[in-house]
Amino acid sequence: MTDEQEQPGMADKPASNHIDGVAPASGASARVPLQFREGLTRGEAVVDTATWAGSVPAATGVAPRVRIGSRWFNLLWLLPIGFAVLLVAVAVAKGLRNEAPVQRFLLRYPGTDLRADRGQYLGIPVWARWQHFLNVFFMIFILRSGLQILSDHPRLYWTRHCTPGRDWFRIQKPVPADPLWTAKQDSISLPAQVGLPGIRHSIGLARWWHLGINVLWLLNGIVFYILLFSTEQWKRLVPTSWTVFPNAVSVAIQYLSLNWPVDSGWVAYNGAQQLTYFITVFIAAPLALLTGLGMSPALSTRFKPISRVFSIQLARSIHFLVFAWFLLFIVIHVSLVATTGILVNLNHLDSGRNDDSWLGLWIFAAWLSVVIIAWVGATPLTLRHPGLIRRVGYALIGPAQRLFEHVDVTPGEYTEKDISPYFWHNGRYPDSAEYQALANGGFADYQLRIGGLVAHPVQLSLDELRALPGHEQITQHFCIQGWSGIAKWGGVSMSTILDLVGADPEVKWVVFYSLGEGADGGIYYDAHPIQHMRSQLAMLAYDMNGAPLTFGHGAPVRLRNEIELGFKQVKWVSGVEFVVDFADIGSGFGGYNQDHEFFGYRQPI
Ligand SMILES: Nc1nc2c(c(=O)[nH]1)N[C@H]1C(S)=C(S)[C@@H](COP(=O)(O)O)O[C@H]1N2
Ligand SMILES: [Mo]
């Protein structure tokens, strides 16, 4: 696909498309830039936590809560309950161990299947030890930034409709009754060393960590799979006999009765280890990738039949459950490594020896200090050098994002009955006298100005827009913060606009300017690739669900480009400019959130 776009039929457009009072200028006067750029502001190069995201004050959430039916349960209760259950389980296991049948069972299934020939994969090879280190290192940033992303919309749902009260999990209070409550208001802060980077609504930066490091983590995982299966090492992780289940039960009884099973970790893992490692490596990790991709607007719009069933919210919920599994796994794994012979265990992994010398512990200590320095340094580094984080993040995930942007989307298969009962609001509402005056007059004086590098710049009133050929689509909105919703949009297809104005062949980007300001002041705007504007799902909408756009959703006109995330769907549009490059617009990053909050300009995932 080329960046340039042919503009068929622009020469023979009837003159009636040119609006009275606006010269259908051609040549030099058509190149006069629109006045929008003057309203833009530049972003900061460092993150000032006091003024970040429109000076949002820090906001703590609530302890995790899960809804069962109509009742919410505080998950902190799991700590004392879990402890009590553990005590009971220990008592029961101790009692059971004295029973003759249980003793026979333990003799028959001691915990580890040692029958096969183990000679080939004795010990842990050096590649696996390095990969384990890298995995831990990457995981820290992935888990922290993942939690940060969750806290930007601190609720989970089973269906794509994010109706207040229908969340099944939240770390935030119930949604207030305010009809104009925004998702940004709903976001919460995290402690700086827990989240990455902790401060409220820092999802732009968190995503560079999350997606960027994910690429490295996936590469590490692919190399691990390859080496695992090209050696005998896979036999450690993949159970090859059903005895793994009774062996796992046996191990559980032995651990719970506080009488450790014989450890043969140098040779083979016990049943419980094999099962949990298998689940982590071969189920949880791939599921994390799949559910991550399941949240992409471009992929979900492209693969609608899959997305209908496996919705973004189901994907997000499962993605979180995988996160919970990883956390639980880490807690239990680390506790058992520490309590089942720490010196030997550390030697297996760190020094590659099968003894209880101190060497493994020293290597581990050196390794742990690297991890701690990286852990502690990540948030300050991000706040001081956010541009660097974006550059590195984009270098890692950018190629995949560019690829997904080229998906060929067709009009959706959503129907009226799929329309969401509740559609979240987001962003900063316009509060200028100019907007107020327009709204008071029912937008009779509204003029949409379209210009830049086009043959026929135009200015269109709302009536004139409504007189153009209409376009309707029922599509799903994906906010970067994680909520989604389906709505029916009515308006004018962007290809109608393209035909009307005739973009010059060198145009690469189409910039949409708002009547409203962004969070930090200065006009909100966003740049879209010109190829997207020929997509069947790119339009200027003046209706939502069969009624004129409401104030909150962007009255009188907003953009829809369903290949991209929500922040690119500029509301309260005042003008459209066709340009070659956006480097000299605002701070030059391609949009308001890009300039001010370090988002990326292409966000199909
Ligand atoms: N002018 C303007 N447009 C904007 C925003 C904004 O702050 N200002 N927020 C964006 C974000 S982050 C989202 S998710 C969508 C939300 O649209 P909605 O409020 O209709 O759901 O609008 C986008 N368009
Ligand atoms: Mo958003």
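What counts and how
Note on numbering: residues in each chain are counted from 1, in written sequence order. As they are written, the chains are lettered A onward and the ligands numbered 1 onward, keeping that order. Whole-chain, interface and lining totals are the exception, using all residues; otherwise, since this is a predicted model, local features are given only for residues with pLDDT of at least 70 and side-chain atom pairs are given and counted only at 80 or more. Side-chain metrics rest on all non-hydrogen atoms present in the structure, leaving aside hydrogens and water. Under the DSSP-based scheme used, a helix requires at least four consecutive residues in state H or I and a strand at least two consecutive residues in state E, with every element numbered from the N terminus. Relative accessible area decides the class of each residue, using a 1.4 Å probe on protein chains only: under 20% of the type maximum gives buried, over 50% gives exposed, and in between gives partly exposed. Contact definition: two residues touch when any of their heavy atoms are within 4.5 Å. Only the protein chains shown count as cover for residues, and all accessible areas are computed by the Shrake-Rupley method using a 1.4 Å probe. When charges are counted, Lys and Arg contribute as positive and Asp and Glu as negative, whereas His and the chain ends are disregarded. To locate a charge, the coordinates of NZ of Lys, CZ of Arg, CG of Asp or CD of Glu are taken. Here the rule is simple: two strands pair whenever DSSP picks up at least two bridges between them. Orientation is described by lines fitted to C-alpha atoms, with helices fitted over the stretch in contact, and by angles between N-to-C directions that extend from 0 to 180 degrees. Each angle gets one of four labels, with under 35 degrees taken as roughly parallel, over 145 as roughly antiparallel, 65 to 115 as roughly perpendicular, and the rest as oblique. Crossing handedness is read from the near helix: turned anticlockwise from the far helix by less than a right angle, it gives a left-handed crossing, and turned clockwise, a right-handed one. We call Asp, Glu, Lys and Arg charged. Ala, Val, Leu, Ile, Met, Phe, Trp, Tyr, Cys and Pro are nonpolar, and the rest, Gly among them, are polar. Multiplying 1.5 Å by the helix residue count minus one yields the expected span of that helix. UniProt positions are given in the numbering used here, feature names are shortened, and annotations may be inferred rather than shown by experiment. A residue counts toward a patch only above 30% relative accessible area and without a salt bridge, and it is joined to like-charged neighbours within 9 Å or, for Val, Leu, Ile, Met, Phe, Trp and Tyr, to nonpolar neighbours within 5 Å. Definition used for salt bridges: Asp or Glu carboxyl oxygen within 4 Å of a side-chain nitrogen of Lys or Arg. The split of the chain into domains comes from an automatic or database domain assignment. Buried surface area refers to the total accessible area, computed with a probe of radius 1.4 Å, that the two partners give up upon joining, counted for both partners together.

### What to know about the overall build of the protein chain
Move 1: Of regular secondary structure, the protein chain possesses 19 helices and 14 strands.
Move 2: If one aligns the C-alpha atoms of the protein chain with their principal axes, the spans along those axes are about 95 × 50 × 45 Å.
Move 3: The buried share of the protein chain, reckoned over its 605 residues, is 53%.
Move 4: Taking all contacts inside the protein chain whose residues are at least 6 apart in sequence as the whole, residues at least 24 apart take part in 77%.
Move 5: Accessible surface, the protein chain as shown: approximately 26,700 Å² in total, 67% of it carbon and sulfur.
Move 6: Between the centroid of the 46 positive side chains of the protein chain and the centroid of its 45 negative side chains there is a distance of 11 Å.

### Here we look at the pairing of strand 8 (residues 484–493)
Move 1: Counting buried residues in strand 8 gives 10 out of 10 residues, a clear majority hidden from the surface.
Move 2: As defined by bridge partners, strand 7 (residues 471–478) adjoins strand 8 across eight bridges and the pair is classed as antiparallel. For Ile-474, the partnering residue across the bridge sits in strand 8 and is Lys-488.
Move 3: Sheet topology places strand 8 next to strand 11 (residues 538–544); five bridges connect them, and they run antiparallel. Bridged to Ser-493 within strand 11 is Met-539.

### Thoughts on the packing of helix 6 (residues 203–230) against helix 9 (residues 271–293)
Any two packed helices are characterised by how steeply their axes cross, that is the angle between the axes, and by the distance between the axes.
Move 1: Their axes nearest at 12 Å, the elements helix 6 and helix 9 cross at an angle of 150 degrees. When the axis of helix 6 is compared with that of helix 9, the two are roughly antiparallel. You can see that helix 6 and helix 9 cross each other, and the crossing is left-handed. Of helix 9, the residues touching helix 6 (which contributes Trp-217, Leu-218, Phe-224, Tyr-225, Leu-228 and Phe-229) are Val-281, Phe-282, Ala-285, Pro-286 and Leu-289.
Move 2: Among the residues making up the contact of helix 6 with helix 9, the classes are represented as 11 nonpolar, no polar and no charged.

### A word on helix 8 (residues 244–256)
Move 1: With 13 residues, helix 8 extends 18 Å between its outermost C-alpha atoms, agreeing within 8% with the 18 Å of an ideal straight helix rising 1.5 Å per residue.
Move 2: All of the buried residues in helix 8 are Val-244, Pro-246, Asn-247, Ala-248, Ser-250, Val-251, Ile-253, Gln-254 and Tyr-255.
Move 3: Buried residues belonging to helix 8 abut helix 2 (78–97), helix 3 (100–108), helix 9 and helix 12 (312–339).
Move 4: Positive backbone phi, approximately 60 degrees, marks Leu-258, located one or two places after helix 8.

### Thoughts on the UniProt feature "domain: Cytochrome b561 bacterial/Ni-hydrogenase" (unreviewed entry) in the protein chain
Move 1: With numbering aligned to this structure, UniProt lists the feature "domain: Cytochrome b561 bacterial/Ni-hydrogenase" (unreviewed entry) at residues 125–341.
Move 2: As annotated, residues 125–341 comprises 63% helix and 2% strand, and the C-alpha atoms at either end are separated by 20 Å.

### Some details on a nonpolar patch on the surface
Move 1: On the surface, a nonpolar cluster with roughly 320 Å² of combined accessible area is contributed by Leu-368, Ile-372, Trp-375 and Val-376.
Move 2: Following the sequence through the fold, Ile-372 ends up in helix 14 (residues 359–384).

### Some points on the domain arrangement of the protein chain
Move 1: Annotation of the protein chain at the domain level lists domain 1 (27–52 + 410–597) and domain 2 (109–175 + 182–253 + 272–401).
Move 2: Computed from C-alpha coordinates alone, the two centres of domain 1 and domain 2 are separated by 37 Å.
Move 3: Counting from both sides, the interface comprises 38 residues of domain 1 and, opposite them, 42 residues of domain 2.
Move 4: Both faces combined, the contact of domain 1 with domain 2 buries some 3,300 Å², and carbon together with sulfur accounts for 59% of it.
Move 5: In terms of surface lost to domain 2, no three residues of domain 1 exceed Trp-424, Phe-478 and Gln-481, which account for 22% of the buried area on that side.

### Points about the sheet that holds strand 9 (residues 509–517)
Move 1: Across the sheet, five strands lie side by side as 6-5-14-9-10; this open sheet has mixed pairing. The strands lining the two open edges of the sheet, one partner per strand, are strand 6 (458–460) and strand 10 (523–529). Each strand of the sheet is rotated relative to its neighbour by a mean of 15 degrees, with strand direction disregarded.
Move 2: Note: strand 5 (residues 448–452) against strand 14 (residues 573–579), four bridges, orientation parallel. For Gly-452, the partnering residue across the bridge sits in strand 14 and is Phe-578.
Move 3: Strands strand 5, strand 6, strand 9 and strand 14 of the sheet are contacted by helix 18 (residues 494–501), whose axis makes an angle of about 135 degrees with strand 6.

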